Amino acid sequence: MGNLGAFKRSLLFSALSYLGFEAYQVFSQAAVVHAIAKVFRVEEILEQADYLYESGETEKLYQLLTQYKESEDAELLWRLARASRDIAQLSGTSEEEKKLLVYEALEYAKRALEKNERSFAAHKWYAICISDVGDYEGIKAKIANAYIIKEHFEKAIELNPKDATSIHLMGIWCYTFAEMPWYQRRIAKMLFATPPSSTYQEALGYFHRAEQVDPNFYSKNLLLLGKTYLKLHNKKLAAFWLMKAKDYPAHTEEDKQIQTEAAQLLTGFSDQK
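What counts and what doesn't
- Residues numbered from 1 in each chain as written.
- Predicted model: local features only at pLDDT ≥ 70, side-chain atom pairs only at ≥ 80, totals over all residues.
- Heavy atoms only, no water.
- Helix = DSSP H or I, 4+ residues; strand = E, 2+ residues; numbered from the N terminus.
- Buried < 20%, exposed > 50% of the residue type's maximum accessible area, 1.4 Å probe, protein only.
- Contact = heavy atoms within 4.5 Å.
- Areas by Shrake-Rupley, 256 points an atom, 1.4 Å probe, with all protein chains shown as cover.
- Polar contact = N/O pair within 3.5 Å; in protein donor to acceptor, adjacent residues only side chain to side chain.
- Core = buried A, V, L, I, M, F, W, Y, C linked by side-chain atoms within 4.5 Å.
- Salt bridge = Lys/Arg side-chain N within 4 Å of Asp/Glu carboxyl O.
- pLDDT = per-residue confidence, 0-100.
- Expected span 1.5 Å × (residues − 1).
- Arc of directions from axis to C-beta.
- Axes fitted to C-alpha atoms, helices over the stretch in contact; angles between N-to-C directions.
- Parallel < 35°, antiparallel > 145°, perpendicular 65-115°, else oblique.
- Left-handed = near helix turned anticlockwise from the far one by under 90°.

Turning our eyes to something else, we now look at the overall build of the protein. Within the protein one finds 12 helices and zero strands. Listed by position from the N terminus, the elements making up the protein come as α-α-α-α-α-α-α-α-α-α-α-α. Buried positions account for 37% of the 273 residues belonging to the protein. Here the analysis covers contacts within the protein between residues at least 6 apart in sequence; of these, 60% occur between residues at least 24 apart. Within the structure as shown, the protein displays about 16300 Å² of accessible surface, and the carbon and sulfur contribution to it stands at 55%.

In structure tokens:
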């Protein structure tokens, strides 16, 4: 009788174990399906976001991505940082809104970097956003962040040497410090034993390198090639690149502003003749 009871208990335990295993398999499969669906969902959002970005639909892009601002996906977060910054740059954005958006963008970029330190775009947008915030925190803060900004641009280039924008931004860093006014240099010397510095030649090297990686990728790169050649007193090459910037197809408000600036600089050439 005891053996029969033991047999029944054993049979019951086996049945329960089997059912438990079956349930485990069902839940595991459900978890895998959920994870796969989540990945596909994120990929779908990123595709929509990239389409809107390429189409110049700045506001629609921001509206799409802010729905997922609690996401832990680095690819989504750096795109949200970029979208926030782009909204801040629009002419219709008030100064108060612009400031909020600039700080918001920095938070998204920071989170993107925390989620994936191997993302070149996260490094790039983190550096851009730190630089933007410096506009609200004074010249000391902006100069104090200079080496951090440079470090992240260099890391972005290291992770993706074919990203023309990161190379272009490194060129802007060099150009900015090459033309730094004397009073800012004094502040830099107070903050650093070796203050950040650069030359127009270094800036030119990065702008040309960006152009080699992706020709005509950005109107501002063309404009800055022209302006850098002006700084180096090479009017012939300056005119060549400024003309390209002026004739660049305007897809964004920034493109239109660059066309205007390039045209004004070229008019200055004519006035000097």
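Continuing now.
The next thing to look at is the side chain of Arg 79. Along the chain, Arg 79 turns up in helix α3 (residues 74-89). A relative accessible area of 9% means that Arg 79 is categorised as buried. Within the structure, the side chain of Arg 79 is placed 2.9 Å from the backbone oxygen of Glu 75, a separation counted as a polar contact. If near-sequence neighbours (up to four positions away) are discounted, Arg 79 is found in contact with Leu 46, Ala 49, Asp 50 and Leu 65.

Another aspect to go through is the nonpolar core. Leu 65, Phe 153 and Trp 173 are the most contacted members of the largest nonpolar core, which has 75 residues in total. The element that contributes the greatest number of residues to this core is helix α5 (residues 120-144), accounting for 10 residues. When neighbours within four sequence positions are excluded, Leu 65 is seen to be in contact with Ile 45, Ala 49, Leu 76, Arg 79, Leu 80 and Ala 83.

Moving on, we get to the pattern of salt bridges. A complete count under the given rule lists 11 salt bridges for this structure. The partner of Asp 247 in a salt bridge is Lys 246, with the nearest N and O atoms 3.3 Å apart.

This brings us to the confidence of the model for the protein. For the protein, mean pLDDT is 86; residues scoring 70 or higher make up 84% of the total. Long-range and interchain partners of residues 26-39, a stretch whose pLDDT sits below 50, account for zero contacts in this model, where long-range means more than four residues apart.

In this model, helix α11 (residues 235-246) (12 residues) spans 16 Å end to end at C-alpha, consistent with the 16 Å of a helix rising 1.5 Å per residue. Of all the positions in α11, only Ala 238, Trp 241, Leu 242 and Ala 245 are classed as buried. All buried residues of α11 lie within an arc of 105° about the axis, which places them on one face of the element.

You can see Tyr 126 is positioned in helix α5. Using a relative accessible area of 18% as the deciding quantity, one classes Tyr 126 as buried. Expressed as a C-alpha distance, the spacing of Tyr 126 and Arg 111, which sit 15 residues apart in the sequence, is 9.2 Å. In this view, Tyr 126 contacts Leu 106, Ala 109, Lys 110, Leu 113 and His 152; residues no more than four positions away in its chain are not counted.

Between helix α7 (residues 164-178) and helix α9 (residues 200-213), whose axes approach to 8 Å, the crossing angle comes to 165°. One finds that α7 runs roughly antiparallel with respect to α9. The hand of the α7/α9 crossing is left-handed. Residues Ala 164, Ile 167, His 168, Met 170, Gly 171, Ile 172, Cys 174, Tyr 175 and Ala 178 of α7 form the contact with α9, whose own contacting residues are Tyr 200, Glu 202, Ala 203, Tyr 206, Phe 207, Arg 209, Ala 210 and Val 213.

Packed helices, taken two at a time, are described by the angle their axes make and the gap between the axes. Two elements in contact, α5 and helix α8 (residues 182-191), have axes whose closest approach is 10 Å; the angle formed by their N-to-C orientations is 60°. One finds that α5 runs oblique with respect to α8. With respect to the hand of their crossing, α5 and α8 are arranged in right-handed fashion. Residues Ile 139, Lys 140, Ile 143 and Ala 144 of α5 form the contact with α8, whose participating residues are Gln 184, Ile 187, Ala 188 and Leu 191.

Here we take up unusual backbone geometry. Backbone geometry places Asn 216, a non-glycine residue, at a positive phi of 60°. Secondary-structure assignment places Asn 216 in the loop between α9 and α10 (219-231). Its relative accessible area of 37% is what places Asn 216 among the partly exposed residues. Of note, the phi angle at His 233 is positive, near 65°, even though the residue is not glycine. Relative to the helices and strands, His 233 is located in the loop between α10 and α11.

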